[in-house]
Amino acid sequence: MGTEEEAGFEPATGEGPSPPGPAERRAAAVRTAFAGMAQIRRLTNSGHPDPESIPAPWELHSPVRAVALTLEASGLSASAVDASGRRTATGYRVEPATAPGTVRVEWLGPSGSGAAHEEGDELNRCAAALRGSGWIALLYHGPRRRRFLEVEPPAGAHRPDGP
């Protein structure tokens, strides 16, 4: 009971515990989910010259899931927290941004992990993976000069709140 197969696949957003089970099983589940996303893109974006190069409509309605899946499928590590909310792993965290249909990606880790020193290079890796999957990823500086990405669909994509 309670296995990923029973609950359904959820990409790692960096806001929960580390995914359970063997790493090989998780990697296989991520590959399968990402291949499914590519197939959905081929089917729903059939009028586009390169249908896999732009997010599918479901991705625009669930951008946190789509961005997290893209990052995880690219081999990037997700951060994680324990039951008390304390960071236990260094990696990306994906959460909704302030504008509808946009996502914020940060690079976080446990206190003293050095995540703040890694964030520039790691966020650039995240941005490259997302851009390669058709998203627009812009790097910003936030409070205390901490960097983050704001991720949005490309121009012309139908956002959940618009045309």
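Shown above is the structure to which this text applies.
Since the structure is predicted, the reported quantities are computational estimates derived from the model, not experimental observations.

S.K.: Residue-level account of the nonpolar core, with values.
M.R.: Val67, Leu71, Tyr92, Val94, Val105 and Val151 are the most contacted members of the largest nonpolar core, which has 24 residues in total. Residue assignment for this core shows that the elements contributing at least two residues are α4 (63–73), β3 (91–96), β4 (103–108), α5 (115–132) and β6 (147–152). Broken down by element, this core gets its largest block of residues, 6 residues, from α5. Valine 67 has contacts with Val94, Val103, Val105, Leu130, Trp135 and Val151, leaving out every residue within four places of it along the chain. Grouped together as the second largest cluster of nonpolar side chains are 5 residues, Phe9, Ala29, Val30 and Met37 included.

S.K.: Before we move on, could you go through the pairing of β6 and cite the residues and values that matter?
M.R.: Note: β4 against β6, 3 bridges, orientation antiparallel. Following the sheet pairing, arginine 104 is matched in β6 by glutamate 150. Where strand β5 (residues 136–141) meets β6, 6 bridges bridge the pair, whose relative direction is antiparallel. Bridge pairing links alanine 137 to valine 151 in β6.

Conventions and cut-offs
- Residue positions are counted from 1 within each chain, in the order its sequence is given.
- Only residues with pLDDT of at least 70 get local features here, since the model is predicted, and only at 80 or more are side-chain atom pairs given and counted; chain-wide, interface and lining totals rely on the full set of residues.
- Hydrogens and water are ignored here; the side-chain numbers use all heavy atoms of the structure.
- By nonpolar core we mean a set of buried residues, namely Ala, Val, Leu, Ile, Met, Phe, Trp, Tyr and Cys, connected to one another through side-chain atoms within 4.5 Å.
- The cut-offs for exposure are 20% and 50% of the maximum accessible area for each residue type, with area from a 1.4 Å probe on protein chains only; residues under the lower value are buried, those over the upper are exposed, and the others partly exposed.
- Runs of H or I in DSSP of at least four residues are treated as helices and runs of E of at least two as strands, each being numbered from the N terminus.
- When checking whether two residues touch, look at their non-hydrogen atoms; a contact exists if any pair is within 4.5 Å.
- Pairing between two strands requires that DSSP report at least two bridges joining them.

Geometry only, nothing functional implied.
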